[in-house]
Amino acid sequence: MPPLTEAGGGGAVTPLSMLRRSAAHRVVAPLLVVVSVLMIILGKVDQVMFESVRISVTDYAAPFLDMVSRPFMVIDQFAERVEAMVDLYQDNLRLTEENRRLLHWQQAALALADENRELRDLLKLVPDASRSFVSARVIASSGGAYLRNLMVNAGSDSGVERGQAAVVGEGLIGRVYEVGVRAARILLITDLNSRVPVIVERSRQRAILAGDNSQSPSLWYLDPAAPVKIGDRIVTSGEGGIFPPGLPVGVVGQVESGIPRVQPYAPLAQVEYVRIVDYGLADGLPMPLAVPHISPRAAPRAAKTSRH
Amino acid sequence: MGTRRALATSPIGARAACLLPVATTLVAALLSLEPIPLPGYAVLTPAFALMAVYHWTVYRPDLLPPIALFGIGIGYDLLCGGPPGVTPLLLLLSRAAVLRARRWFVNRTFAFVWAGFAVLTVAAIFALWALECLLGWQLLSANGSIFRAALTIALFPIASFMLGRTQHALIGPG
């Protein structure tokens with residue numbers, strides 16, 4: 001015979017009275033609500049407080065998340081393969097045409113590379129610092145409407161450092177902002193907290209690419225006298241010492257009430273692998289805001305970054 | 001009552017089966033972290049954990065203690081990079097709200113249960129939006145949230161069916 005429920009019927013539920021057996025039950029839930037609220041407030045006041053906990057939890061969870069995300073990747077690869085087979089003929093036509101155009105560009109690029117090398121020799125230009133990169137797989141993303149970040153399965157043991165740029169074939173996707181031993185988190189350029197110094201390639205106008213959680217971040221602080229055009233290429237300016245200059249970011253897609261919005265080159269929603277590139281600039285990213293007397297770590301970092 | 005299976009009748013099996021609500025809620029929370037490469041999915045990721053919390057709070061609230069919700073919520077916040085405390089707060093408040101209104105859903109048709117979930121989802125996602133606006137001290141666009149709530153509500157019958165089947169198979173109805 002099933003226990004009778006509060007609703008009076010016999011059946012599929014447990015009586016609520018069982019929950020009230022102990023007084024502890026009444027206290028625990030409200031107490032935990034209070035603890036949650038306190039954590040939110042503390043986390044807001046001192047952003048560094050939870051960072052080390054977050055990094056170690058991420059590290060422990062990374063192998064598990066890595067394992068769990070694999071079946072999804074296999075399904076996706078299968079879907080891609082089916083799609084590719086369906087579009088075989090059209091793709092072939094398009095690629096043949098593209099190949100013809102690219103061969104033309106290759107000739108142009110070779111000629112320019114030669115000319116560039118000669119001019120560099122003439123100017124005795126100091127070459128850019130060498131770049132190294134790590135390829136990593138995306139193992140978790142931040143679901144929901146208010147965060148745009150990705151977790152990848154490479155951390156400090158693979159040489160990933162805070163502040164390094166995350167790129168895919170098409171262009172910049174974001175920067176590394178939390179690093180564990182086995183995993184790191186990348187803040188995408190679409191996140192509300194992302195600000196990237198950029199330049200409009202055609203007009204050499206400087207601006208800040210500001211994320212707002214939508215799919216197309218907006219351009220701030222543009223000179224109103226020289227408006228951008230739809231289709232203008234946006235690349236990093238290299239200011240602030242976080243990204244190297246000239247990394248492709250996207251094109252101006254639309255202008256909404258006077259504010260241009262940039263369509264990123266990289267398909268941010270479908271990124272599976274990222275390249276984390278060390279341009280030797282990683283010192284440029286300041287640590288998160290912290291109350292100075294609580295977090296002694298913030299001070300030396302701040303001094304270090306002020307050189308840039 | 002004939003649905004209890006061998007697993008639930010052996011003492012160890014029964015005890016293990018009682019972990020099912022916590023385990024499924026944990027799996028639901030992890031599912032929200034999966035980077036499923038569909039355009040727009042990141043914004044619309046359904047609130048899977050909310051589905052599990054609602055289901056278990058209606059049918060077996062004794063097996064989903066608040067401390068488990070707190071732990072799962074904190075773990076989720078830490079893994080998704082959000083402000084710690086937001087998810088446990090929402091899950092605990094959802095649980096409290098459902099416990100209060102539980103008498104309306106128990107032994108009713110699925111339409112009632114679904115309607116209850118719809119109300120809870122809208123309230124929870126609105127609360128999340130309000131909280132994020134407050135924490136960021138700016139008015140954020142609610143468009144993504146509206147679609148997210150709609151997708152969460154639309155997927156609830158599937159989740160409820162799956163959770164109901166596992167519940168009947170492993171724990172028995174009550």
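Rules used in this analysis
Residues numbered from 1 in each chain as written. Chains lettered and ligands numbered in written order. Predicted model: local features only at pLDDT ≥ 70, side-chain atom pairs only at ≥ 80, totals over all residues. Helix = DSSP H or I, 4+ residues; strand = E, 2+ residues; numbered from the N terminus. Buried ≥ 20, exposed ≤ 12 C-beta atoms within 10 Å, placed from the backbone. Expected span 1.5 Å × (residues − 1). Contact = placed C-beta atoms within 7 Å. Nonpolar A, V, L, I, M, F, W, Y, C, P; charged D, E, K, R; others polar. Domains from an automatic or database assignment. pLDDT = per-residue confidence, 0-100.

**A look at unusual backbone geometry**
Residue and element names in this part refer to chain A. Non-glycine residue Y221 carries a positive phi angle of around 60°. Assignment of secondary structure puts Y221 in the loop between β8 (218–220) and β9 (233–236). Residue classification places Y221 among the exposed residues on the basis of 10 C-beta atoms within 10 Å.

**Examining helix α3 (residues 20–33) of chain B**
Counted at 1.5 Å a residue, the expected span for α3 of chain B with its 14 residues is 20 Å, and the 20 Å between its end C-alpha atoms agrees. Residues of α3 of chain B that are buried include every one of P21, T24, T25, A28, A29, L30, S32 and L33 of chain B, and no others. Against the buried residues of α3 of chain B lie α2 (51–86) and β1 (132–141) of chain A together with α5 (48–59), α6 (66–80) and α9 (143–171) of chain B.

**Description of the interface of chain A and chain B**
How big an interface is tends to be expressed through the accessible area that disappears when the partners come together. Every contact between the two is made by 53 residues of chain A and, on the other side, 51 residues of chain B. Every element with two or more residues in the side of chain A that touches chain B is listed here: α1 (23–45), α2, β1 and β2 (149–152) of chain A. The residue inventory of the side of chain A that touches chain B, partitioned by class, reads 30 nonpolar, 16 polar and 7 charged.

**Thoughts on the domain arrangement of chain A**
For chain A, the assigned domains read domain 1 (19–45) and domain 2 (133–286). Inter-centroid distance (C-alpha atoms) of domain 1 of chain A to domain 2 of chain A is 38 Å.

**Quick look at the confidence of the model for chain B**
In low-pLDDT segments, the atomic positions of the prediction should not be examined closely. Chain-level statistics for chain B give a pLDDT mean of 86 and a share of 92% at 70 or above. Long-range and interchain partners of residues 1–6 of chain B, a stretch whose pLDDT sits below 50, account for 7 contacts in this model, where long-range means more than four residues apart.

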